[in-house]
Amino acid sequence: MKFYILIVYLFIYGALSAQMNISGHILSEQTKQPIENATVHLLPEDLYTITNKKGFFEFSKTTAAKHTILVKMVGYATKLTEISNHKTDTIYLPERIVGLQSIIVTATPKILGSFFTIEKTAIIHTQPTSLADVLQLIPGQLATNPNLGAAQQINLRQIPSTTEAARANALGTQIIVDGVPISNNGNLQTDITILNSNVNALPPFSSVAGRGNDLRQIPADNIESIEVIRGIPSARYGDLTAGLVIVNSRIGTFAPELRVRVNPNLAQTAFFTGFSNLQKNNTYNLGVDILNARDDVRDNFNKYTRVQTQLAWQKFWDKHKKFTTTTIASLYKSVDALKQNPEDLRNQNKNTANDQGIKLSTEGKWRANKKWLTSFNYIASLNYIEQQGFYQSLITRDLFPISNAIIDTTQNGVYGKSEYLNRTNVEGKPFNSYVRIEATLVKSIFQFQHKLVIGTEWRYDVNKGSGRQFDVLTPPRQNYSVGERPRSFSNIPGLHQLGYYIEDRITKRMGNKTWIIQAGLRIDNIAPTAVFKSKYGLVAAPRINTALEIANGFWIRAGYGIAAKAPTLNYLYPGIRYFDLVNFNYFAANPAERLVIVTTRTINLDDMNLKPYQSKKWELGFDITKKGVNTNVSFFKETTTGAIGINREVKPFTYAKFKASSTPSNQPPIISSIPVSIDTFFAAYDVPVNNRFIQNIGVEYSIDLPEIKAIRTAFNITGAYIQTTSFDDGAFTDAAKAYSNSTTPTRVGIYQSSVKLTAERLNTSIRFIHRIPQLNMIISALWQTIWITKSTSDALNIYPIGFINRKGETTFLNEQEAKQPLNNDLIRTVSNAVPNNFPPLHLLNIRLTKEWIKGFGFSFYANNFLNSRPLHADQNTGGLVRRNEPLFFGAEFNISIK
C-alpha cells in the first residue's frame, strides 16, 4: 500500500524525467501505399496507437532511446521491429501471403509470464474446425483428430488423472472472446444421476453444465489471433484458476473470403468479409459459419450441426482516432442429436441437445492522453441462450408406487406402469451480463515507466428456463426409493459477482537492458451483500510477474499469483431430492380394491454453502534469443484447493409400516391406525462439496530454430513434462451398503475418501516448416513423441474412520478403535490401482497450405499417416489398450475475392 501511495505522490509532485517522442509511417510492402487504421504497440511499455490516413503514428513522452514496435493489421503479417527517438522511421508491412519468410505457423511466446500468441497464418495452416484444434499448438498439448461428436474441453498445464480434476481445470479456464468472458455459470442442463451409476455420470444428452465451455461452439475461421495465458494472469482477469484463452476476431477491412472444409466426418462452409466507408472511419464485418459433422462415418443417426453469424461495427469518432467503439452481435445455433434408428421399434432411444443464443457487446476505448488519465476503456455485453435437452427411452420395471408430494408427508399413491416410454425435457434459458470499466495512467518518474491500471467489473448469471419436465406418471428411471419430480429453473436466484483490481506495470531501462515488473491486486466478491461483504466468499488475489534482461537477448522471469473460480449455479442449487417410502402396498386384481400409501421425505440441497475454489501459482523461467534461435522455458507449480466435486452421502429416515384391518369388496382395504413397525431407511443422495485437491508441477519449453536457407526449412520444438496429483480431501460414506442390501444395516461406515493419484507425462512435438515462396506454399510435418506416460496411486485404507447409525448420529474412530473386533463389520474390500507405465508413443502428421495470388487457396492434412496404433498392456484392467489417433485426413478450399 505504501508503494502505491508513493506512486500517487510522485505523479502529482514528483519531478518527471526527460521525455521524447517517437514516430513513423506504416506502408504496405507490396504496394508502398500507407496503411490506415493499423494498430501500433509500444513494447515493453504496452502502449498503443492507431495510424492515420497517411499511415503515420506517434508516441509522445517516452523515456528510452530505442523502443520495440509491434504492428498489427487485418490481412497483413504482424511485424516486430526497433525504432529510435527523434527519428521518423518507415515500417513496411507484408501482406499475409503463404510462403513468406515472416509468416509464423506456430505459437509464439511473450516475455512476461507464460503467454503464447497464435497468429492468423498459424490458425489457417492448422485448418481448424473449432478453437480446440488451434490450441494444440500450445506446448504440452497433444495433437488429436478433429472430433465434434462430443463436447470439447481444454485442460491447461494438467494431464488426465481424475474426472473431477479435469472438470475443475476446464471450468477454471476462462475463455474471452473480443473482450467478453464466455460464462458457463448459468448452465443447468443436468439430470439426476441414478444411484447404480457413477456420481460423475453425464446426462443422456450433450451438456457441459458444471464444466468448461464447449469449444465446438467457437469457430476458428473468423479469429485473427489467440492469446493463451497459462501462468499468472493480469489482475484484470477473474473467475478463473487454470488460465485463460483470449480470442480476437477479425475486425477490419479485408476481401470477401469463402472457405470450404471437408473430411470423412464433416463438411464446413465459412464466409467472411470486412469493408469500410470512404472516410474509413466506419468498418463493418460479416461472418457466417455452417458445419455438419458426425462422430462415425458409419453412423447416420448421431450428428452435430453448428450455424453461427457475426456482425461487427467499428467506428473512429474523431479525426485523431482517440475514441473508438466496437459493437458486435453474434447469433448461433448448435444441435447435438442422436436420432432414433427406424429399426429401433422396441427401445425408441433418442436424445438431443439444442442450443441457440445471441450475444451483444460494445467496447469503447478513449485515448485521453491527459496528465491525470492516459486512456479509459469500457465494455458491456449481454448473452442470452435457449437450451433444450431431451431424451427418450423405454423403461421396463416392476409395478411401482408413484407419489406427487413435494413436501414431507404421507398420502395415498398410485401405481405406475411396468413398461412405459419416458420423455424428459430439460429447458434452460441462461442469461449473462457483463460490464467492465478501466482507467489507465502512464507516467515516467525518474526514468521508471509506470502503467497504472484501475478497474472494476460486474457479472451476473441467471437461468429462467422451465427446467426439467416430464409426465409424473412416466418418470425417468430411478431406483432404491428415489422419487422424481419436475423442477423449474426460474425460481433459482441469480449469481452476482463484483471484481476490483489495481495493477502497475513498471518498466525500467538500464542502458540497453530492461527490467519489467507487473504487480497487482484483485478482489473478487462472490454474491455480494455489500461492497466488501459476500455470501459465498471474498477472495483477495495478489499477482506479480517480473522479467529482467540480464544480457542482450537473455531474460529471466518469475511470477506468483492467486486466482479463484466461483461455483456455478448447478453446484449452488442442485435441487430437492425426493424419497418415496412405501407404508402399505396392496395390489389387488380388482383396481377398485388397490391401495398404496407412500411417505415422502425430502432433502433440500439448494443454496449450498460452497466457496470459490482457488489456485496458487508459482513460476520461474527464462527466454533466450541468440542468432535467430528463440528459446522459452518455464518451470511451474500450481496448487488448486477447494475444487468442487460430488460426494454420495446418506441420511436415515424413519417411517411407519401399516397393515390392513379389513379388506372389503370393491373398495380399498381399511388400514389399522396403529403401525405394525417403524422402519429405518438410509437415503442416498449426491451433494457438491469443496474438498478436491489438485497439484500440477512441471516444465514446458519452446525452441524456434532459424530457417536453413539452403532448404528453406525451419524447426519448432515444443513439449512439457507435467506431473498431476489429485485426490478427494474429504470422507467417503459407503452409501452402496446402505441402499443396495436386502436388509437395512444398523450403521454405515465412513472411510478415507481417496488416495493421491499421480499421473506423469513427458512429450515433445517437433515441427518441420518448409516454405516454397515461388508457389506460395508451406508444408509442415509434426513428429510428436510421448516419452513417459505413468500413473500411480497410494493404497486405500480398509479400516473406517467413523460410522453413521440409524439415528443419523456420526461417530468417529481413531486408528486403534477402527481395528477392534466389534468394528469388523465396517472393514471394506478395496481394489487398489496398479501402477501403469506405458512405453513411448510416436505420431506423425503432415499439413500443406497453398495460396494463389489471385485469391484461391488449398490445404490438406493427414494425421497419423503411417497409421501407427500399437497395443499396450494396461496393468489395471489386464487388457490391451490401442493407443494413438487413427489415420485421418481432410482438405480445405478457400477463395478470396480481391
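Residues numbered from 1 in each chain as written. Predicted model: local features only at pLDDT ≥ 70, side-chain atom pairs only at ≥ 80, totals over all residues. Heavy atoms only, no water.

(A) Local environment of the overall build of the protein. Along the protein, the regular secondary structure elements total seven helices and 52 strands. With the principal axes as the frame, the protein shows a C-alpha extent of 105 × 65 × 55 Å. Out of the 898 residues in the protein, the part that is buried amounts to 54%. Taking the intrachain contacts of the protein between residues at least 6 apart in sequence as the baseline, contacts between residues at least 24 apart amount to 69%. Put simply, the protein shows about 38600 Å² of open surface, and 58% of that area lies on carbon and sulfur atoms. (Helix = DSSP H or I, 4+ residues; strand = E, 2+ residues; numbered from the N terminus. Buried < 20%, exposed > 50% of the residue type's maximum accessible area, 1.4 Å probe, protein only. Contact = heavy atoms within 4.5 Å. Areas by Shrake-Rupley, 256 points an atom, 1.4 Å probe, with all protein chains shown as cover.)

(B) Spotlight on the packing of aromatic side chains. On inspection of all chains with the given rule, the structure shows 15 aromatic pairs. A centroid spacing of 6.3 Å and a plane angle of 25 degrees characterise the contact between F205 and Y391, whose relative ring orientation is stacked. Pair noted here: F205 is in the loop between β11 (180-181) and β12 (223-229) and Y391 is in strand β20 (residues 375-396), with a separation of 186 residues, a long-range link. For the residue pair F205 and Y391, the accessibility class agrees, reading buried in each case. Between the aromatic rings of F858 and F893, the centroid separation amounts to 5.3 Å while the plane-to-plane angle is 50 degrees, which identifies the pairing as tilted. Within this pair, whereas F858 is found in strand β49 (residues 856-863), its partner F893 is found in strand β52 (residues 888-896), the two being separated by 35 residues in sequence. You can call F858 partly exposed: its relative accessible area is 25%. On the accessibility criterion, F893 (42% relative accessible area) is partly exposed. Site record: aromatic cluster; members linked through ring pairs are F579, F653 and F681. One cation-aromatic arrangement involves R157 over F636; the distance from NZ or CZ to the ring centre is 4.3 Å. (Phe/Tyr/Trp six-rings, centres within 6.5 Å; stacked < 30°, edge-to-face > 60°. Lys NZ or Arg CZ within 6 Å of the ring centre and 35° of its normal.)

(C) Focus on the environment of L80. When you line up the elements, L80 lands in strand β6 (residues 79-84). The class for L80 is exposed, based on a relative accessible area of 55%. Beyond its immediate stretch of four places on either side in the chain, L80 contacts L43, T68, I69 and L70.

(D) Examining the environment of I624 more closely. Looking at the element boundaries, I624 is found in strand β35 (residues 613-626). As for I624 and I646, which are separated by 22 residues in sequence, their C-alpha atoms are 45 Å apart. Non-local contacts of I624, meaning those with residues more than four positions away in its chain, are made with G553, F554, V629, N630 and T631.

(E) A look at the sheet that holds strand β41 (residues 731-733). Ordered in space as β41-β42-β45-β46, the four strands form an open sheet in which the pairing is antiparallel. The open sheet has two edge strands with one neighbour each: β41 and β46 (810-812). Going across the sheet, the axis of each strand differs from the next one's by a mean of 25 degrees, ignoring polarity. In the sheet, strand β45 (residues 802-805) pairs with β46 via three bridges, with the strands oriented antiparallel. What sits directly across from F803, in β46, is T811. (Pairing = 2+ DSSP bridges. Axes fitted to C-alpha atoms, helices over the stretch in contact; angles between N-to-C directions.)

(F) Looking closely at the sheet that holds strand β33 (residues 576-586). The antiparallel open sheet is built from four strands, whose spatial order is β22-β34-β33-β28. The sheet is open, and its two borders are formed by β22 (409-412) and β28 (482-483), each paired with just one other strand. Summarising the sheet, β33 and strand β34 (residues 595-604) pair through ten bridges and their orientation is antiparallel. The residue of β34 that forms the bridge with L581 is T599.

(G) Spatial organisation of the pattern of salt bridges. Under the defined criterion, the tally for this structure stands at 32 salt bridges. With a shortest N-O distance of 2.8 Å, K321 and E36 are connected by a salt bridge. With a gap of 285 residues between them, K321 in the loop between β17 (302-316) and β18 (323-338) and E36 in the loop between β1 (20-28) and β2 (39-43) connect regions that are remote in the sequence. Accessibility classification places K321 together with E36 in one group, the buried group. Residues joined by salt bridges that share partners form a network here, namely R157, R230, K617, E619, E638 and E700. (Salt bridge = Lys/Arg side-chain N within 4 Å of Asp/Glu carboxyl O.)

(H) Layout of the pairing of strand β10 (residues 173-177). Counted residue by residue, β10 has five buried out of five residues, so it is predominantly covered. The alternating pattern of β10 places T173, I175 and V177 on one face and Q174 and I176 on the opposite face, and all of these are buried. Strand direction decides the pairing type here: β10 and β11, joined by two bridges, are antiparallel. Its bridge partner being in β11, I176 is matched across the sheet by P181. Connecting β10 to the antiparallel partner β11 that follows it, the hairpin turn spans two residues, and D178 within it adopts a positive phi of roughly 55 degrees.

(I) The arrangement of the pairing of strand β9 (residues 115-119) in detail. β9 sits mainly inside the fold: five of its five residues count as buried. Neither face of β9 is left uncovered, since the one carrying F115, T117 and E119 and the one carrying F116 and I118 both have all their residues buried. Across five bridges, the pairing between β9 and β12 is antiparallel. By the bridge assignment, E119 is partnered in β12 with S225.

(J) The nonpolar core, seen in detail. L495, Y536, F579 and V650 are the most contacted members of the largest nonpolar core, which has 48 residues in total. Listing elements by their share of this core, those giving two or more residues are α4 (163-171), β30 (513-530), α5 (569-572), β33, β36 (629-657), β39 (677-708), α6 (735-740) and β42 (747-752). Looking at this core element by element, the count peaks at eight residues for β39. When residues no more than four places from it in sequence are discounted, the contact partners of F579 are S481, V482, G483, T599, T600, R601, I603, F653, F681, A683, A684 and Y685. L131, I138, I154 and I182 belong to the second-largest nonpolar core, a separate cluster that totals 23 residues. (Core = buried A, V, L, I, M, F, W, Y, C linked by side-chain atoms within 4.5 Å.)

It is worth stressing that arrangement in space is one thing and function is another; only the former is reported here.
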